[in-house]
Amino acid sequence: MCLFRDWTRRRSGTVAVFVALATISPPCAALAQTAPAPPAVGVVEVVKRPMTERSEFLGRIETINRVNVVARVTAFLEKRHFTEGAEVKANDPLYVLEQGPFQGDLEARKAQVAQLEATLANARLTADRQRTLLSGPAGLPANYDTAISNQKSLEAQVQAAEAQVKLSQINLDYTDIRSPIDGKIGRTAVTEGNVVSPMTGTLTTIVSQDPMYVSFPVSVRQALALRERYAAKGIRDAVVIVLKLPDGRIYGQTGHLDFESNSITQTTDTLLLRGTISNPPLYSGPNPVRELTDGELVTVMLEGAEPVEVPAIPRAAVLSDQQGNYVLLVGPENKVEQHRIQTGQSTATIASVVSGLALGDRVIVEGIQRVRPGQVVAPGPASEGVQAAMNQSERSGPGQGGSPDGNANSAQRPVTPRGG
(Lines give C-alpha, C1' and ligand atoms only; values in the text may rest on other atoms or scores of the structure.)
Protein backbone atom coordinates (compact mmCIF):
# COMPACT_ATOMS: atom_id res chain seq x y z
CA MET A 1 0.00 0.00 0.00
CA CYS A 2 2.92 2.39 0.65
CA LEU A 3 4.04 1.88 -3.02
CA PHE A 4 0.55 2.13 -4.52
CA ARG A 5 0.35 5.86 -3.77
CA ASP A 6 3.65 6.40 -5.56
CA TRP A 7 2.23 4.57 -8.63
CA THR A 8 -0.90 6.71 -8.74
CA ARG A 9 1.12 9.90 -8.78
CA ARG A 10 3.07 8.78 -11.81
CA ARG A 11 0.00 7.67 -13.76
CA SER A 12 2.20 7.06 -16.79
CA GLY A 13 3.88 3.79 -16.62
CA THR A 14 4.09 0.37 -18.17
CA VAL A 15 2.31 -2.75 -17.15
CA ALA A 16 5.66 -4.17 -16.25
CA VAL A 17 6.09 -1.41 -13.68
CA PHE A 18 2.65 -2.13 -12.24
CA VAL A 19 3.49 -5.78 -11.95
CA ALA A 20 6.76 -4.93 -10.25
CA LEU A 21 5.01 -2.68 -7.76
CA ALA A 22 2.46 -5.35 -7.09
CA THR A 23 5.19 -7.88 -6.35
CA ILE A 24 6.97 -5.42 -4.00
CA SER A 25 3.92 -4.29 -2.02
CA PRO A 26 3.44 -7.43 0.11
CA PRO A 27 6.92 -7.16 1.83
CA CYS A 28 6.13 -3.49 2.62
CA ALA A 29 2.93 -4.50 4.37
CA ALA A 30 4.83 -7.17 6.27
CA LEU A 31 7.36 -4.61 7.48
CA ALA A 32 4.56 -2.34 8.70
CA GLN A 33 3.02 -5.22 10.63
CA THR A 34 6.33 -6.22 12.36
CA ALA A 35 7.32 -2.69 13.70
CA PRO A 36 8.93 -3.06 17.23
CA ALA A 37 6.77 -2.30 20.24
CA PRO A 38 7.81 0.52 22.64
CA PRO A 39 10.23 -0.74 25.30
CA ALA A 40 8.74 -1.40 28.73
CA VAL A 41 10.12 0.61 31.63
CA GLY A 42 9.43 0.64 35.36
CA VAL A 43 8.52 4.03 36.79
CA VAL A 44 8.10 5.51 40.26
CA GLU A 45 6.18 8.68 40.98
CA VAL A 46 7.89 11.52 42.82
CA VAL A 47 6.32 11.66 46.28
CA LYS A 48 7.13 13.34 49.55
CA ARG A 49 8.71 11.18 52.23
CA PRO A 50 9.54 11.94 55.86
CA MET A 51 13.32 12.01 56.14
CA THR A 52 15.67 12.90 58.96
CA GLU A 53 18.30 15.47 58.01
CA ARG A 54 21.81 14.40 58.89
CA SER A 55 25.28 15.94 58.74
CA GLU A 56 28.45 13.96 59.42
CA PHE A 57 31.66 15.13 61.09
CA LEU A 58 34.75 13.57 62.62
CA GLY A 59 34.80 13.80 66.41
CA ARG A 60 36.63 12.53 69.46
CA ILE A 61 35.31 11.10 72.71
CA GLU A 62 36.37 13.00 75.84
CA THR A 63 35.81 12.26 79.48
CA ILE A 64 33.82 14.84 81.43
CA ASN A 65 35.91 14.56 84.62
CA ARG A 66 39.63 13.81 84.68
CA VAL A 67 41.52 13.73 87.98
CA ASN A 68 45.29 13.45 88.36
CA VAL A 69 45.88 11.95 91.81
CA VAL A 70 48.89 13.50 93.58
CA ALA A 71 50.32 13.28 97.09
CA ARG A 72 49.64 16.25 99.38
CA VAL A 73 52.30 15.37 101.98
CA THR A 74 55.75 13.79 101.97
CA ALA A 75 55.77 10.21 103.25
CA PHE A 76 56.52 6.61 102.34
CA LEU A 77 53.90 4.81 100.25
CA GLU A 78 52.77 1.84 102.33
CA LYS A 79 49.82 0.32 100.45
CA ARG A 80 47.98 0.47 97.12
CA HIS A 81 44.33 -0.62 97.31
CA PHE A 82 43.10 -0.47 93.70
CA THR A 83 43.46 -2.69 90.64
CA GLU A 84 44.96 -0.89 87.68
CA GLY A 85 42.43 -0.34 84.89
CA ALA A 86 39.41 -1.06 87.10
CA GLU A 87 36.50 1.23 87.84
CA VAL A 88 36.41 2.90 91.25
CA LYS A 89 33.74 4.76 93.18
CA ALA A 90 34.04 8.12 94.87
CA ASN A 91 35.75 7.83 98.30
CA ASP A 92 37.23 4.40 97.52
CA PRO A 93 40.72 4.06 99.11
CA LEU A 94 43.56 4.28 96.60
CA TYR A 95 46.84 4.70 98.54
CA VAL A 96 47.87 4.69 102.20
CA LEU A 97 51.00 6.64 103.19
CA GLU A 98 53.02 6.22 106.37
CA GLN A 99 50.83 7.68 109.13
CA GLY A 100 53.00 7.35 112.29
CA PRO A 101 54.82 10.72 112.15
CA PHE A 102 51.59 12.56 111.40
CA GLN A 103 49.72 10.86 114.23
CA GLY A 104 52.53 11.79 116.65
CA ASP A 105 52.47 15.41 115.51
CA LEU A 106 48.70 15.52 115.95
CA GLU A 107 48.93 14.23 119.53
CA ALA A 108 51.63 16.80 120.36
CA ARG A 109 49.45 19.60 119.00
CA LYS A 110 46.50 18.42 121.06
CA ALA A 111 48.65 18.34 124.20
CA GLN A 112 49.78 21.91 123.55
CA VAL A 113 46.16 22.99 123.29
CA ALA A 114 45.35 21.30 126.60
CA GLN A 115 48.28 23.04 128.29
CA LEU A 116 47.26 26.45 127.00
CA GLU A 117 43.67 25.89 128.00
CA ALA A 118 44.76 25.15 131.60
CA THR A 119 46.83 28.35 131.68
CA LEU A 120 43.90 30.27 130.21
CA ALA A 121 41.58 28.97 132.93
CA ASN A 122 43.96 30.27 135.59
CA ALA A 123 44.20 33.64 133.83
CA ARG A 124 40.44 33.97 133.84
CA LEU A 125 40.32 33.32 137.58
CA THR A 126 42.97 35.97 138.13
CA ALA A 127 41.02 38.48 136.07
CA ASP A 128 37.88 37.76 138.09
CA ARG A 129 39.72 38.35 141.40
CA GLN A 130 41.12 41.67 140.18
CA ARG A 131 37.64 42.73 139.12
CA THR A 132 36.34 41.92 142.62
CA LEU A 133 39.18 43.84 144.30
CA LEU A 134 38.36 46.96 142.33
CA SER A 135 35.31 47.50 144.54
CA GLY A 136 37.53 47.77 147.68
CA PRO A 137 40.55 49.83 148.74
CA ALA A 138 43.01 47.04 147.80
CA GLY A 139 42.02 46.99 144.15
CA LEU A 140 44.29 48.55 141.56
CA PRO A 141 43.08 49.21 138.02
CA ALA A 142 46.53 48.47 136.65
CA ASN A 143 46.49 44.94 138.08
CA TYR A 144 43.05 44.34 136.55
CA ASP A 145 44.18 45.59 133.14
CA THR A 146 47.22 43.31 133.25
CA ALA A 147 45.05 40.30 134.12
CA ILE A 148 42.63 41.00 131.24
CA SER A 149 45.50 41.43 128.79
CA ASN A 150 47.06 38.13 129.90
CA GLN A 151 43.70 36.38 129.49
CA LYS A 152 43.18 37.65 125.94
CA SER A 153 46.72 36.69 125.00
CA LEU A 154 46.20 33.15 126.20
CA GLU A 155 42.88 32.92 124.34
CA ALA A 156 44.69 33.85 121.12
CA GLN A 157 47.36 31.24 121.83
CA VAL A 158 44.70 28.59 122.35
CA GLN A 159 43.11 29.50 119.01
CA ALA A 160 46.47 29.25 117.25
CA ALA A 161 47.16 25.89 118.89
CA GLU A 162 43.74 24.59 117.83
CA ALA A 163 44.45 25.69 114.27
CA GLN A 164 47.68 23.70 114.41
CA VAL A 165 45.66 20.68 115.56
CA LYS A 166 43.36 21.07 112.55
CA LEU A 167 46.36 21.36 110.23
CA SER A 168 47.92 18.24 111.72
CA GLN A 169 44.63 16.40 111.29
CA ILE A 170 44.47 17.49 107.65
CA ASN A 171 48.02 16.25 107.03
CA LEU A 172 47.14 12.95 108.69
CA ASP A 173 44.06 12.64 106.48
CA TYR A 174 46.22 13.28 103.43
CA THR A 175 48.01 10.00 104.13
CA ASP A 176 44.77 8.21 103.22
CA ILE A 177 44.36 8.98 99.50
CA ARG A 178 40.84 8.27 98.20
CA SER A 179 39.11 8.61 94.85
CA PRO A 180 37.36 11.96 94.42
CA ILE A 181 35.07 10.76 91.59
CA ASP A 182 33.49 7.68 90.05
CA GLY A 183 35.51 6.53 87.07
CA LYS A 184 38.09 4.25 85.55
CA ILE A 185 41.55 4.37 87.11
CA GLY A 186 44.78 4.07 85.19
CA ARG A 187 48.11 2.51 86.03
CA THR A 188 50.07 3.55 89.09
CA ALA A 189 53.25 5.58 88.64
CA VAL A 190 54.69 4.72 92.09
CA THR A 191 54.81 1.39 93.91
CA GLU A 192 54.91 0.57 97.63
CA GLY A 193 58.02 1.53 99.54
CA ASN A 194 58.81 4.70 97.63
CA VAL A 195 58.72 8.18 99.10
CA VAL A 196 56.08 10.40 97.54
CA SER A 197 55.55 14.12 97.88
CA PRO A 198 53.73 16.95 96.09
CA MET A 199 56.81 17.16 93.85
CA THR A 200 56.46 13.52 92.78
CA GLY A 201 53.75 14.38 90.27
CA THR A 202 50.78 12.29 89.22
CA LEU A 203 50.44 8.97 91.04
CA THR A 204 47.55 7.80 88.81
CA THR A 205 44.72 9.22 86.73
CA ILE A 206 40.97 8.67 87.02
CA VAL A 207 38.56 9.45 84.17
CA SER A 208 34.77 9.46 84.50
CA GLN A 209 32.86 7.00 82.32
CA ASP A 210 29.21 7.96 82.10
CA PRO A 211 28.23 10.26 80.46
CA MET A 212 30.97 11.26 78.00
CA TYR A 213 31.68 14.30 75.85
CA VAL A 214 32.10 14.13 72.09
CA SER A 215 33.85 17.13 70.53
CA PHE A 216 33.97 17.80 66.80
CA PRO A 217 35.10 20.73 64.66
CA VAL A 218 32.68 22.15 62.09
CA SER A 219 33.76 24.32 59.21
CA VAL A 220 32.37 27.84 59.25
CA ARG A 221 30.41 27.13 56.06
CA GLN A 222 28.77 24.08 57.62
CA ALA A 223 28.14 25.92 60.88
CA LEU A 224 26.30 28.65 59.00
CA ALA A 225 24.24 26.04 57.15
CA LEU A 226 23.28 24.36 60.44
CA ARG A 227 22.30 27.68 61.97
CA GLU A 228 20.15 28.54 58.98
CA ARG A 229 18.50 25.12 58.98
CA TYR A 230 17.69 25.01 62.69
CA ALA A 231 17.59 28.71 63.64
CA ALA A 232 13.84 28.68 64.28
CA LYS A 233 13.97 25.76 66.73
CA GLY A 234 17.39 26.38 68.24
CA ILE A 235 20.20 24.07 67.18
CA ARG A 236 20.63 22.45 70.61
CA ASP A 237 17.00 21.34 70.77
CA ALA A 238 16.54 20.65 67.07
CA VAL A 239 19.26 18.02 66.62
CA VAL A 240 20.39 14.82 68.27
CA ILE A 241 23.81 13.19 68.12
CA VAL A 242 24.28 9.69 66.68
CA LEU A 243 27.74 8.12 66.71
CA LYS A 244 29.33 5.73 64.25
CA LEU A 245 32.05 3.70 65.96
CA PRO A 246 35.45 3.00 64.34
CA ASP A 247 34.30 -0.48 63.25
CA GLY A 248 31.33 1.03 61.38
CA ARG A 249 28.65 0.08 63.92
CA ILE A 250 26.07 2.64 65.02
CA TYR A 251 26.26 3.35 68.74
CA GLY A 252 23.03 2.50 70.53
CA GLN A 253 22.75 5.74 72.54
CA THR A 254 21.94 9.23 71.29
CA GLY A 255 23.25 12.50 72.71
CA HIS A 256 22.58 16.22 72.60
CA LEU A 257 24.60 19.37 71.97
CA ASP A 258 25.61 21.31 75.08
CA PHE A 259 28.44 23.62 74.01
CA GLU A 260 29.49 25.85 71.11
CA SER A 261 32.85 27.57 71.13
CA ASN A 262 32.77 31.36 71.31
CA SER A 263 35.53 31.80 68.73
CA ILE A 264 36.72 30.35 65.43
CA THR A 265 39.93 28.36 65.28
CA GLN A 266 41.91 30.48 62.84
CA THR A 267 44.38 27.79 61.78
CA THR A 268 41.59 25.51 60.54
CA ASP A 269 38.68 27.97 60.14
CA THR A 270 36.44 25.70 62.21
CA LEU A 271 34.04 26.08 65.10
CA LEU A 272 34.24 23.54 67.93
CA LEU A 273 30.97 21.91 68.98
CA ARG A 274 30.52 19.50 71.87
CA GLY A 275 27.80 17.08 72.87
CA THR A 276 27.03 14.81 75.81
CA ILE A 277 26.15 11.14 75.35
CA SER A 278 25.50 8.24 77.72
CA ASN A 279 28.07 5.46 78.08
CA PRO A 280 26.41 2.68 80.11
CA PRO A 281 28.20 -0.63 80.74
CA LEU A 282 27.57 -3.45 78.30
CA TYR A 283 27.11 -5.81 81.25
CA SER A 284 27.20 -5.52 85.02
CA GLY A 285 30.15 -6.89 86.91
CA PRO A 286 33.22 -5.92 88.96
CA ASN A 287 35.00 -4.62 85.83
CA PRO A 288 32.30 -3.44 83.41
CA VAL A 289 33.12 -2.86 79.75
CA ARG A 290 31.79 0.25 78.01
CA GLU A 291 31.58 1.13 74.32
CA LEU A 292 33.07 4.62 74.47
CA THR A 293 36.63 5.30 75.57
CA ASP A 294 38.30 8.60 76.32
CA GLY A 295 40.21 9.79 73.23
CA GLU A 296 38.35 7.51 70.77
CA LEU A 297 37.88 8.79 67.22
CA VAL A 298 34.27 8.48 65.99
CA THR A 299 31.98 9.75 63.25
CA VAL A 300 29.46 12.25 64.62
CA MET A 301 26.09 12.46 62.88
CA LEU A 302 23.92 15.47 63.70
CA GLU A 303 20.36 14.40 62.98
CA GLY A 304 17.24 16.51 63.05
CA ALA A 305 15.05 15.71 66.02
CA GLU A 306 11.95 16.10 63.85
CA PRO A 307 11.61 14.68 60.31
CA VAL A 308 10.99 16.86 57.27
CA GLU A 309 8.88 16.06 54.18
CA VAL A 310 10.98 16.11 51.01
CA PRO A 311 10.37 14.94 47.41
CA ALA A 312 12.15 11.63 47.01
CA ILE A 313 12.96 9.06 44.34
CA PRO A 314 15.02 5.84 44.27
CA ARG A 315 18.74 6.52 44.05
CA ALA A 316 18.92 3.99 41.20
CA ALA A 317 17.01 6.49 39.05
CA VAL A 318 19.67 9.20 39.44
CA LEU A 319 22.18 9.34 36.58
CA SER A 320 25.26 11.55 36.31
CA ASP A 321 27.44 13.04 33.61
CA GLN A 322 29.87 15.92 33.34
CA GLN A 323 27.04 18.44 33.69
CA GLY A 324 25.70 16.92 36.92
CA ASN A 325 22.80 14.73 37.98
CA TYR A 326 19.76 14.00 35.83
CA VAL A 327 16.84 11.58 35.56
CA LEU A 328 14.76 10.18 32.72
CA LEU A 329 11.02 10.48 33.16
CA VAL A 330 7.94 9.61 31.16
CA GLY A 331 6.26 12.74 29.81
CA PRO A 332 3.15 13.35 27.67
CA GLU A 333 2.36 10.67 25.08
CA ASN A 334 4.75 8.36 26.98
CA LYS A 335 7.82 10.05 25.55
CA VAL A 336 11.09 9.96 27.51
CA GLU A 337 12.31 13.33 28.83
CA GLN A 338 15.62 14.21 30.43
CA HIS A 339 15.44 16.49 33.48
CA ARG A 340 18.42 17.98 35.26
CA ILE A 341 17.97 17.77 39.03
CA GLN A 342 19.67 18.97 42.17
CA THR A 343 19.81 16.29 44.84
CA GLY A 344 19.84 16.93 48.55
CA GLN A 345 20.72 14.80 51.51
CA SER A 346 19.94 11.18 50.82
CA THR A 347 20.23 7.58 51.99
CA ALA A 348 21.60 4.46 50.36
CA THR A 349 18.33 3.81 48.52
CA ILE A 350 16.45 7.13 48.47
CA ALA A 351 17.54 10.43 46.95
CA SER A 352 15.87 13.64 48.00
CA VAL A 353 15.30 16.15 45.20
CA VAL A 354 15.81 19.86 45.77
CA SER A 355 14.87 21.04 42.28
CA GLY A 356 14.15 19.74 38.79
CA LEU A 357 11.13 17.53 39.48
CA ALA A 358 7.52 18.02 40.53
CA LEU A 359 5.36 15.80 42.68
CA GLY A 360 3.69 13.13 40.56
CA ASP A 361 6.38 13.03 37.85
CA ARG A 362 6.95 9.48 36.61
CA VAL A 363 10.67 8.77 36.92
CA ILE A 364 12.16 5.79 35.12
CA VAL A 365 13.98 3.50 37.52
CA GLU A 366 14.06 0.24 35.55
CA GLY A 367 14.99 -0.16 31.89
CA ILE A 368 16.98 3.09 31.80
CA GLN A 369 19.69 1.54 29.63
CA ARG A 370 17.21 0.72 26.83
CA VAL A 371 15.73 4.18 26.33
CA ARG A 372 16.80 7.66 25.28
CA PRO A 373 15.17 11.12 25.39
CA GLY A 374 12.33 11.50 22.84
CA GLN A 375 11.67 7.78 22.60
CA VAL A 376 8.17 6.42 23.18
CA VAL A 377 8.02 3.81 25.95
CA ALA A 378 5.49 1.60 27.66
CA PRO A 379 5.57 2.65 31.33
CA GLY A 380 4.51 0.41 34.18
CA PRO A 381 4.93 0.26 37.96
CA ALA A 382 8.41 -0.51 39.20
CA SER A 383 9.12 -4.06 40.30
CA GLU A 384 8.43 -5.32 43.79
CA GLY A 385 12.18 -5.32 44.45
CA VAL A 386 12.39 -1.55 44.01
CA GLN A 387 9.33 -1.01 46.19
CA ALA A 388 10.75 -3.35 48.83
CA ALA A 389 14.06 -1.45 48.78
CA MET A 390 12.21 1.81 49.38
CA ASN A 391 10.24 0.29 52.24
CA GLN A 392 13.33 -1.35 53.71
CA SER A 393 15.06 2.05 53.72
CA GLU A 394 12.21 3.40 55.84
CA ARG A 395 12.88 0.70 58.43
CA SER A 396 16.66 0.94 58.37
CA GLY A 397 18.68 2.37 61.19
CA PRO A 398 20.83 5.49 61.22
CA GLY A 399 23.91 5.85 59.12
CA GLN A 400 22.69 3.78 56.17
CA GLY A 401 23.47 6.20 53.38
CA GLY A 402 25.54 8.86 51.81
CA SER A 403 24.63 11.46 49.27
CA PRO A 404 24.20 10.80 45.55
CA ASP A 405 25.88 14.07 44.74
CA GLY A 406 29.10 12.88 46.37
CA ASN A 407 28.80 14.95 49.54
CA ALA A 408 30.07 12.66 52.27
CA ASN A 409 29.52 15.22 55.00
CA SER A 410 25.74 15.38 54.73
CA ALA A 411 22.93 12.90 54.23
CA GLN A 412 19.37 12.10 55.18
CA ARG A 413 17.78 8.94 56.43
CA PRO A 414 14.12 7.93 56.65
CA VAL A 415 12.42 8.28 59.99
CA THR A 416 13.19 5.39 62.34
CA PRO A 417 12.98 4.90 66.12
CA ARG A 418 16.30 5.46 67.82
CA GLY A 419 17.81 3.01 70.22
CA GLY A 420 18.48 3.99 73.81
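Worth saying up front: this structure is predicted, and the values here are computed from it rather than measured.

Draft legend 1. Spotlight on a nonpolar patch on the surface. Taken together, L282, Y283 and V289 make up a surface patch of nonpolar side chains, about 290 Å² in accessible area. Note on placement: V289 falls in the loop between β14 (270-277) and β15 (297-304).

Draft legend 2. Here's a closer look at the confidence of the model for the protein chain. Scored by pLDDT, the protein chain comes out at a mean of 81, with 83% of its residues at no less than 70. Counting contacts from residues 1-24, a segment whose pLDDT is below 50, to residues more than four positions away or on other chains yields 7 contacts. Confidence drops under a pLDDT of 50 for residues 393-420, and excluding neighbours within four residues, the segment shows 98 contacts in the predicted structure.

Draft legend 3. Region of interest: the packing of helix α3 (residues 100-133) against helix α4 (residues 141-174). Interhelical geometry of α3 versus α4 gives an angle of 165 degrees and a closest axis separation of 8 Å. When the axis of α3 is compared with that of α4, the two are roughly antiparallel. Helix-helix and strand crossings are classified by hand; for α3 and α4 the assignment is left-handed.

Draft legend 4. The arrangement of the pattern of salt bridges in detail. Per the counting criterion, the structure on display carries 10 salt bridges. Among the ionic pairs, R178 bridges to D176, the shortest N-O distance being 2.9 Å. Given the relative accessible area of 25%, D176 is considered partly exposed.

Draft legend 5. Examining α3 more closely. Under the 1.5 Å per step criterion, the end-to-end length of α3 is 50 Å for 34 residues, consistent within 8% with the ideal 50 Å. For α3, the complete set of buried residues consists of F102, L106, V113, L116, L120, A123, A127 and Q130. Each element contacted by the buried residues of α3 is listed here: β4 (75-80) and α4.

Draft legend 6. Seen up close, the environment of G324. In this structure, G324 sits in strand β18 (residues 324-330). Assessed through its relative accessible area of 24%, G324 is described here as partly exposed. What G324 contacts, discounting residues up to four positions off in sequence, is L319 and R340.

Draft legend 7. Quick peek at the sheet that holds strand β8 (residues 183-185). Spatially, 4 strands are ordered β3-β10-β8-β5 in an open sheet, and the strand pairing comes out antiparallel. Where the open sheet ends on each side, the last strands, each with one partner, are β3 (66-70) and β5 (87-88). Where β8 lies against strand β10 (residues 202-207), 2 bridges are found, and the strand directions are antiparallel. Within β10, the residue paired with K184 across the bridge is V207.

Draft legend 8. Expanded view of α4. Here α4 is 34 residues long and its end C-alpha atoms lie 50 Å apart, about the 50 Å a rise of 1.5 Å per residue gives. Those residues of α4 not exposed but buried are Y144, A147, I148, Q151, L154, V158, A161, V165, S168 and L172. Of the surrounding secondary structure, the elements contacted by the buried residues of α4 are α3 and β7 (176-178).

Draft legend 9. The arrangement of the pairing of β15 in detail. Of all 8 residues that make up β15, 7 are buried, and the element is covered over most of its length. Summarising the sheet, strand β2 (residues 47-63) and β15 pair through 7 bridges and their orientation is antiparallel. When the sheet's bridge partners are listed, F57 is paired in β15 with V300. Strand direction decides the pairing type here: strand β12 (residues 239-244) and β15, joined by 6 bridges, are antiparallel. Looking at β15, one finds that I241 is bridged to L302.

Draft legend 10. The arrangement of the pairing of strand β11 (residues 212-219) in detail. Across the 8 residues of β11, 6 count as buried, placing the element largely inside the fold. Inspection of the sheet shows β2 paired to β11 by 4 bridges, in the antiparallel sense. Residue pairing for β11: E62 is matched across the bridge by Y213. Alignment of β11 against β14, held across 8 bridges, turns out to be antiparallel. Note on β14: the bridge partner recorded for M212 is I277.

Draft legend 11. Inspection of unusual backbone geometry at higher detail. The linkage connecting D210 with the following residue, P211, adopts the cis geometry, with an omega of 0 degrees. Mapped onto the fold, P211 is located in the loop between β10 and β11. If you check the backbone angles, E333 has positive phi at about 60 degrees while not being a glycine. Exposure remark for E333: the relative accessible area of 66% places this residue in the exposed category. A positive phi angle is found at N334, which is not glycine, with a value near 60 degrees. Turning to its location among the elements, N334 is positioned in the loop between β18 and β19 (336-340). Residue class for N334 comes out partly exposed when judged on its relative accessible area of 28%.

Draft legend 12. View of the sheet that holds β7. With antiparallel pairing, 4 strands are arranged side by side in an open sheet as β7-β6-β4-β9. Bordering the open sheet on either side are β7 and β9 (195-196), each of which pairs with just one other strand. Two elements, strand β6 (residues 93-97) and β7, share 3 bridges in a ladder whose sense is antiparallel. By the bridge assignment for β7, V96 is matched with D176.

Rules of the game
- Sequence order sets the numbering: in each chain, residues are counted from 1 along the sequence as written.
- Where local features are concerned, this predicted model is filtered to residues with pLDDT of at least 70; where side-chain atom pairs are given and counted, the filter is 80 or more; whole-chain, interface and lining totals use all residues.
- Water and hydrogen atoms were dropped before computing side-chain values, which therefore reflect all heavy atoms in the structure.
- Residues qualify for a patch when their relative accessible area is over 30% and they have no salt bridge, like charges being joined within 9 Å and the nonpolar side chains of Val, Leu, Ile, Met, Phe, Trp and Tyr within 5 Å.
- The Shrake-Rupley method, run with a 1.4 Å probe, gives the accessible areas here. Residue values count only the displayed protein chains as cover.
- Salt bridges are defined by distance alone: a side-chain nitrogen of Lys or Arg within 4 Å of a carboxyl oxygen of Asp or Glu.
- To qualify as a helix, a DSSP run of H or I must reach at least 4 residues; to qualify as a strand, a run of E must reach at least 2; elements of each kind are numbered from the N terminus.
- Per residue, pLDDT captures the predictor's confidence, and it can take any value from 0 to 100.
- Note on definitions: a residue-residue contact is assigned when non-hydrogen atoms from the two residues lie within 4.5 Å.
- All axes are obtained by fitting lines to C-alpha atoms, using only the stretch in contact for helices, and the reported angles, taken between N-to-C directions, cover 0 to 180 degrees.
- Angles below 35 degrees are treated as roughly parallel, those above 145 as roughly antiparallel, those between 65 and 115 as roughly perpendicular, and all remaining angles as oblique.
- What makes a crossing left-handed is the near helix being turned counterclockwise from the far one by less than a right angle; a clockwise turn instead makes it right-handed.
- Only protein chains enter the accessibility calculation, which uses a 1.4 Å probe; a residue whose area is less than 20% of its type maximum is buried, one above 50% is exposed, and one in between is partly exposed.
- Every helix has an expected span of 1.5 Å times one less than the residues it contains.
- Note on pairing: DSSP must find at least two bridges between two strands before they are called paired.

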